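Read off the chains here:
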Amino acid sequence: MTFRNLEDYFAYDYVSEDEDPHVVSLVKRADCVLDVGCGDNLFKKHGNVTGIDPYNFNADIMCDILDYEPDQTYDLIICFGSINFYNIAWVDARMRKVSTLLAKNGRICMKVNPGKPFANGTKLEWFDRWTLSLGKHYAEMFNYDIENIREGAHERIKFDYVTR
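The present account deals with the structure reproduced in this document. None of the values given here were measured: they were computed from a predicted structure.

About the criteria used
Residues numbered from 1 in each chain as written. Predicted model: local features only at pLDDT ≥ 70, side-chain atom pairs only at ≥ 80, totals over all residues. Heavy atoms only, no water. Helix = DSSP H or I, 4+ residues; strand = E, 2+ residues; numbered from the N terminus. Rg over C-alpha atoms; globule rule 2.2 N^0.38 Å. Buried < 20%, exposed > 50% of the residue type's maximum accessible area, 1.4 Å probe, protein only. Contact = heavy atoms within 4.5 Å. Areas by Shrake-Rupley, 256 points an atom, 1.4 Å probe, with all protein chains shown as cover. Lys, Arg positive; Asp, Glu negative; His and termini not counted. Charge placed at Lys NZ, Arg CZ, Asp CG, Glu CD. Pairing = 2+ DSSP bridges. Axes fitted to C-alpha atoms, helices over the stretch in contact; angles between N-to-C directions. Right-handed = clockwise from strand over helix to strand, strands pointing away.

1. Quick notes on the overall build of the protein
Phase 1: In terms of regular secondary structure, the protein is built from four helices and six strands.
Phase 2: Relative to its length of 164 residues, the protein is compact, with a C-alpha radius of gyration of 15 Å against a globular reference of 15 Å.
Phase 3: With the principal axes as the frame, the protein shows a C-alpha extent of 40 × 30 × 30 Å.
Phase 4: Burial analysis of the protein (164 residues in total) assigns 51% to the buried set.
Phase 5: Taking the intrachain contacts of the protein between residues at least 6 apart in sequence as the baseline, contacts between residues at least 24 apart amount to 60%.
Phase 6: Here the protein has roughly 8100 Å² of accessible surface; of this, 47% comes from carbon and sulfur atoms.
Phase 7: The distance from the centre of the 19 positive side-chain charges to the centre of the 26 negative ones in the protein is 5 Å.

Written out as structure tokens, the structure is:
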């Protein structure tokens with residue numbers, strides 16, 4: 001099965017499944033959390049989480065990160081599979097925006113997809129160059145360290161950015 005339309009897939013077919021224990025423990029300790037592309041908003045039950053998602057009706061706020069203008073910064077920002085699409089310009093714009101919302105001494109939990117389909121075979125317009133090297137590029141750009149690198153299900157890459 002192939003979907004070309006992100007809006008329809010994430011609004012009607014996608015089911016959030018990755019309630020990562022590492023992220024849950026961080027959410028429980030954080031004062032203020034932003035979940036970018038929150039999907040079904042799974043992390044909300046664990047702490048003070050604002051979930052934004054342009055397509056999923058379970059989000060607290062339905063919008064793209066580029067349109068989100070809060071009056072605060074966040075201790076923890078979760079970007080689990082949400083900055084994965086189209087091209088480097090699309091990814092870069094969202095990474096830049098997320099970096100402006102991170103508080104001093106903050107952390108970003110990332111899960112990226114190097115262009116692999118979902119387990120059910122669904123293919124989207126993935127940005128297929130998400131590698132650890134690209135992750136390191138953004139770490140250098142925004143003066144972050146990378147911690148807790150691990151492999152997620154279906155060849156996804158998980159890691160944390162930590163402010164220096």
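2. Observations regarding the sheet that holds strand β6 (residues 157-163)
Phase 1: Ordered in space as β2-β1-β3-β4-β6-β5, the six strands form an open sheet in which the pairing is mixed. Since the sheet does not close on itself, it has two edges, and those belong to β2 (49-52) and β5 (144-151), each with one partner. Averaged over all neighbouring strand pairs, the angle between strand axes comes to 15°, with direction disregarded.
Phase 2: When strand β1 (residues 33-36) meets strand β3 (residues 74-80), the two strands line up parallel, connected through three bridges.

3. Remarks on the pairing of strand β4 (residues 102-112)
Phase 1: With nine of 11 residues buried, β4 is to be regarded as a mostly interior element.
Phase 2: Alignment of β3 against β4, held across six bridges, turns out to be parallel. Paired with Phe80 across the two strands is Lys111, which belongs to β4.
Phase 3: Traced from β3 through helix α3 (residues 88-101) to β4, the parallel crossover comes out right-handed.
Phase 4: Of the strand pairs in this sheet, β4 and β6 are connected by six bridges, and their pairing is antiparallel. Bridging across to β6, Arg107 finds its partner in Val162.

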